[in-house]
Amino acid sequence: MVPAVTVVFLVLLLPLSVCHSAYEDCILKRGMSVRRERDVTIGAFFTLLYFLLMPNNYQHVLALVFAIEEINRNPQLLPNITLGYEFHNSLHSTWRTMESSLFLLTGQDKIPNYTCRRGRTSVAVITGASWETAAQLGTLLELYRLPQLAFGSFNPRLSDKGRFPSLYQLAPKDTALALGMVSLMLHFGWTWVGLVIAEGQKGLQFLSDIRGEMDRNGVCVAFVKMIPNSDCTLKDCVLNASLTWLPVNRFDPAMSDGSYSIYNAVYAVAHALQEMLHWQVQKQPGGNGESGVLSPWQTPRSVCSESCGPGFRKTLREGKAPCCFDCAPCPENEITNDTDMEQCVRCPDHQYANAQHSRCLDKSVTFLAYEDPLGKALAATALSLTVLTAGVLGLFVKHRDTPIVKANNRGLSYTLLVSLAFCFLCSLLFIGRPNTATCVLRQTTFGVVFTVAVSTVLAKTVTVVLAFKVTTPGRRVRRLLVSGAPNSIIPICSLIQLALCGIWMGTNPPFIDTDAHSEHGHIIIVCNKGSLTAFYCVLGYLGSLALGSFTVAFLARNLPDTFNEAKYLTFSMLVFCSVWVTFLPVYHSTQGKVMVAMEVFSILASGAGLLGCIFAPKCYIILLRPERNSVHKFRDKM
């Protein structure tokens, strides 16, 4: 037995075997319709023959037959009912189209409203790809209230329910197609896409629709290629070829959009019949909820530029489309936490960007602590120098009646040693977590105790100079020396420094501040000096005292050596001034904990310079050369 599809094919090929002319009547004399009677019949109009066989449209027949036979084999859909089909050749002619529709409705094309049919009339009609054909058939079929399903491209004219209330278009709207294609591009990450579109009005309309959707969604057009709209889709088909050159069995096996719409139309009719036959039972079609998903390796890439990941921002290429860009890393302390961001976002002051510049991390609070290696070293040095100063003071007190201690004004020596001990201890105020008290005390204590120390050195220098200027008793210089006038330099100079510190504390005192920029990932708690002018006034006054002491000691350097302390005082002031002159540029070139450590180091270095230069020679004589520490030895040298 020959299958039904093969029979249909043989019947349709008969005209080509005997008709060699281009006359339409020759073709119409042959069999132009096929009918297969079953319980329910579905009608269809296809343009299969028009002077020659149209192979691409033959797929429409295959789709119709395949769908009907598939439904007939399905026991769940229309059980105990079989579907049949009846289709007619539809020519591109108004008269021939009306003639075919009359034949479907009445079985003859001569007398309207009279039927010669003995079998059942079709319950629904599937019309061809041309919207003109659908409109012509729709006008007649609407008189019989016969449902019509058009499988051609969507046309807004056929959506007029006033003219065509029983017509349904299977193809989606063109705008929906453009939106769907752009959604597919976005799903696969395609931002650089070329368009190949068929020529014609519908192609131009589709190009306009899809370009608008692409622009709204940030997808760029790489190129546009308009191709001729041709039916020549067979393999090895050359330009201007004729289908008569090819064997009649050469058909394109690929399913077209029209074939897919016909397949859906048959199923739509079947389900509608199912609902009509079981209207009292509301059956909801179910599914397993599974859907095929393309694996990542199955998805091609179509982008002009790769996406900029977190930590990078897009920089547009000059003269290029927006989809063509470069990726630039975010600057310091700025991040991007998403792909294809155009601007980097700066982290707040209390946070910092990670190494990848993809997120902000909280900064840790830090300061020059005793637990830090630098803090430990400075604290240990300060305590060691304090103990050393206390040891020298104890040594001088023990040998207070020896000539070398008495000859160098032991009262001033005691004052200088005590002030140096406080200088070393005040450096500890700079170490540890700052608070309001330590911020105020560290500057005032530093200024006052160093003023006492330097003014004491100045008093010792003046004392030495006055001692060697005394040539005869009763002179005014001797009276000044005996009355202890040089010792008044210490309180006078200290009171001036106290006044400067008082003004500083009363106007713009130091306060606790934070430094979030000196060290990456850290917030440093520091003491803001408040008024830099007041700070430099205190430091400048201290420097002027040191410079005065250095000048006086330098002028007295050539006095007799036995009682002369001027050389040691000169060198100590030279060391002191050198330390603080070096401190200023280094202090301004550092930040954070290093700045605080530099200030502590300058305090310790300048104090150690005074201690070593002034008292080291005397301790050497007291401890190692006691024979030189006697009245007879001093008299011999004089």
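Predicted model, so just to flag it, every value in this text is computed and none were measured.

(A) Spotlight on helix α11 (residues 410-426). Over its 17 residues, α11 extends 24 Å from the first C-alpha to the last, a length consistent with the 24 Å expected when each residue adds 1.5 Å. Within the span of α11, buried status applies to Leu412, Ser413, Leu416, Leu417, Ser419, Leu420, Ala421, Cys423, Phe424 and Cys426.

(B) Representation of the side chain of serine 531. Relative to the helices and strands, serine 531 is located in the loop between β19 (522-528) and α15 (532-555). What makes serine 531 buried here is its relative accessible area of 16%. In terms of polar contacts, serine 531 uses its side chain to reach the backbone amide nitrogen of alanine 534, at 3.2 Å. Discounting residues that sit within four places of it in the chain, serine 531 has contacts with Trp504 and Asn508.

(C) Representation of the state of the cysteines within the structure. If you walk through the whole model with that rule in mind, you get six disulfides. With a sulfur-sulfur separation of 2.1 Å, cysteine 304 is cross-linked through a disulfide to cysteine 324. Disulfide cysteine 304 to cysteine 324: torsion about the S-S bond roughly 110 degrees, handedness right-handed. Pair noted here: cysteine 304 is in the loop between α8 (257-277) and β11 (312-316) and cysteine 324 is in the loop between β11 and β12 (325-329), with a separation of 20 residues, a long-range link. Residue class for cysteine 304 comes out partly exposed when judged on its relative accessible area of 23%. Given the relative accessible area of 3%, cysteine 324 is considered buried. Between the sulfur atoms of cysteine 330 and its disulfide partner cysteine 344 the distance amounts to 2.2 Å. On the sign convention where negative is left-handed, the bridge of cysteine 330 and cysteine 344, at about -85 degrees about the S-S bond, is left-handed. Taken together, the positions of cysteine 330 in the loop between β12 and β13 (334-335) and cysteine 344 in the loop between β13 and β14 (345-346) put the pair 14 residues apart, joining distant regions of the chain. For the pair formed by cysteine 330 and cysteine 344, the shared burial category is buried.

(D) Local environment of the pattern of salt bridges. One pass over the structure, following the stated rule, counts nine salt bridges. For arginine 35, the salt bridge is made with glutamate 37, and the minimal N-O distance between the two is 2.4 Å. A salt bridge links glutamate 334 to arginine 346; the shortest N-O distance between them is 3.4 Å. Here arginine 346 lies in strand β14 and glutamate 334 lies in strand β13, a separation of twelve residues in the sequence.

(E) Region of interest: unusual backbone geometry. Despite not being glycine, leucine 78 shows a phi value in the positive range, around 50 degrees. For leucine 78, the location among the structural elements is in the loop between α3 (55-72) and β5 (83-89). The phi dihedral of histidine 357 falls on the positive side, at around 55 degrees, and the residue is not glycine. Within the secondary structure layout, histidine 357 lies in the loop between β15 (351-353) and β16 (360-362).

(F) Fine view of the environment of glycine 432. With respect to the helices and strands, the residue glycine 432 is situated in the loop between α11 and α12 (436-469). As for glycine 432 and alanine 369, which are separated by 63 residues in sequence, their C-alpha atoms are 4.4 Å apart. When near neighbours in sequence (up to four residues on either side) are disregarded, glycine 432 contacts Phe367, Leu368, Ala369 and Tyr370.

(G) Layout of the pairing of strand β6 (residues 124-127). Every second residue of β6 is oriented toward a common face, with Ala124 and Ile126 on one face and Val125 and Thr127 on the other, all of them buried. Examined bridge by bridge, strand β2 (residues 40-46) and β6 share three bridges and lie parallel to one another. Each residue of the ladder has a partner; that of glycine 43, found in β6, is valine 125. Two elements, β6 and strand β7 (residues 148-150), share three bridges in a ladder whose sense is parallel. Note on β7: the bridge partner recorded for isoleucine 126 is leucine 149.

(H) Representation of the packing of helix α16 (residues 566-588) against helix α17 (residues 593-624). Look at α16 against α17: their axes get within 8 Å of each other, and the N-to-C directions meet at 170 degrees. With respect to α17, the element α16 is oriented roughly antiparallel. Contact residues: α16 offers Tyr568, Leu569, Phe571, Ser572, Met573, Val575, Phe576, Val579, Trp580, Phe583, Val586 and Tyr587, while α17 offers Met595, Met598, Glu599, Ser602, Ile603, Ala605, Ser606, Gly609, Leu610, Cys613, Ile614 and Pro617. Its residues assigned to classes, the contact of α16 with α17 shows 19 nonpolar, four polar and one charged.

(I) Quick look at the nonpolar core. Core analysis: the largest hydrophobic core is formed by 63 residues, its most contacted members being Leu420, Phe446, Phe450, Phe576 and Phe615. Of all elements in the fold, only α9 (373-398), α10 (403-407), α11, α12, α14 (489-507), α15, α16 and α17 reach the threshold of two or more residues within this core. With 13 residues, α17 is the largest single contributor of residues to this core. Residues in contact with phenylalanine 615, not counting those within four places in the same chain, are Val392, Phe396, Ser413, Leu416, Leu417, Leu420 and Leu610. Membership of the second largest hydrophobic core comes to 31 residues, among which are Ala44, Ala67, Ile262 and Tyr267.

(J) Highlighting the side chain of threonine 127. Within the fold, threonine 127 resides in strand β6. In terms of polar contacts, threonine 127 uses its side chain to reach the side chain of glutamine 148, at 3.3 Å. With residues near it in sequence (within four places) discarded, threonine 127 still touches Phe45, Ala134, Leu137, Gln148, Leu149, Ala150 and Phe151.

(K) Looking closely at the packing of α14 against α15. The geometry of α14 relative to α15 is characterised by a closest axis approach of 9 Å and an angle of 170 degrees between their N-to-C directions. Taken together, the axes of α14 and α15 lie roughly antiparallel to each other. Of α15, the residues touching α14 (which contributes Cys493, Ile496, Gln497, Leu500, Cys501 and Trp504) are Ala534, Phe535, Cys537, Val538, Tyr541, Leu542 and Leu545.

(L) The sheet that holds β2, seen in detail. The mixed open sheet is built from six strands, whose spatial order is β1-β5-β2-β6-β7-β8. Each end of this open sheet is capped by a strand with a single partner; those strands are β1 (33-36) and β8 (167-169). Neighbour to neighbour, the strand axes of the sheet diverge by 20 degrees on average, direction disregarded. Along the sheet, helix α5 (residues 131-141) makes contact with β2, β6, β7 and β8, crossing β7 at roughly 175 degrees.

Conventions used here
Residues numbered from 1 in each chain as written. Predicted model: local features only at pLDDT ≥ 70, side-chain atom pairs only at ≥ 80, totals over all residues. Heavy atoms only, no water. Helix = DSSP H or I, 4+ residues; strand = E, 2+ residues; numbered from the N terminus. Expected span 1.5 Å × (residues − 1). Buried < 20%, exposed > 50% of the residue type's maximum accessible area, 1.4 Å probe, protein only. Polar contact = N/O pair within 3.5 Å; in protein donor to acceptor, adjacent residues only side chain to side chain. Contact = heavy atoms within 4.5 Å. Disulfide = S-S within 2.5 Å. Salt bridge = Lys/Arg side-chain N within 4 Å of Asp/Glu carboxyl O. Pairing = 2+ DSSP bridges. Axes fitted to C-alpha atoms, helices over the stretch in contact; angles between N-to-C directions. Parallel < 35°, antiparallel > 145°, perpendicular 65-115°, else oblique. Nonpolar A, V, L, I, M, F, W, Y, C, P; charged D, E, K, R; others polar. Core = buried A, V, L, I, M, F, W, Y, C linked by side-chain atoms within 4.5 Å.

These figures capture arrangement, not role.
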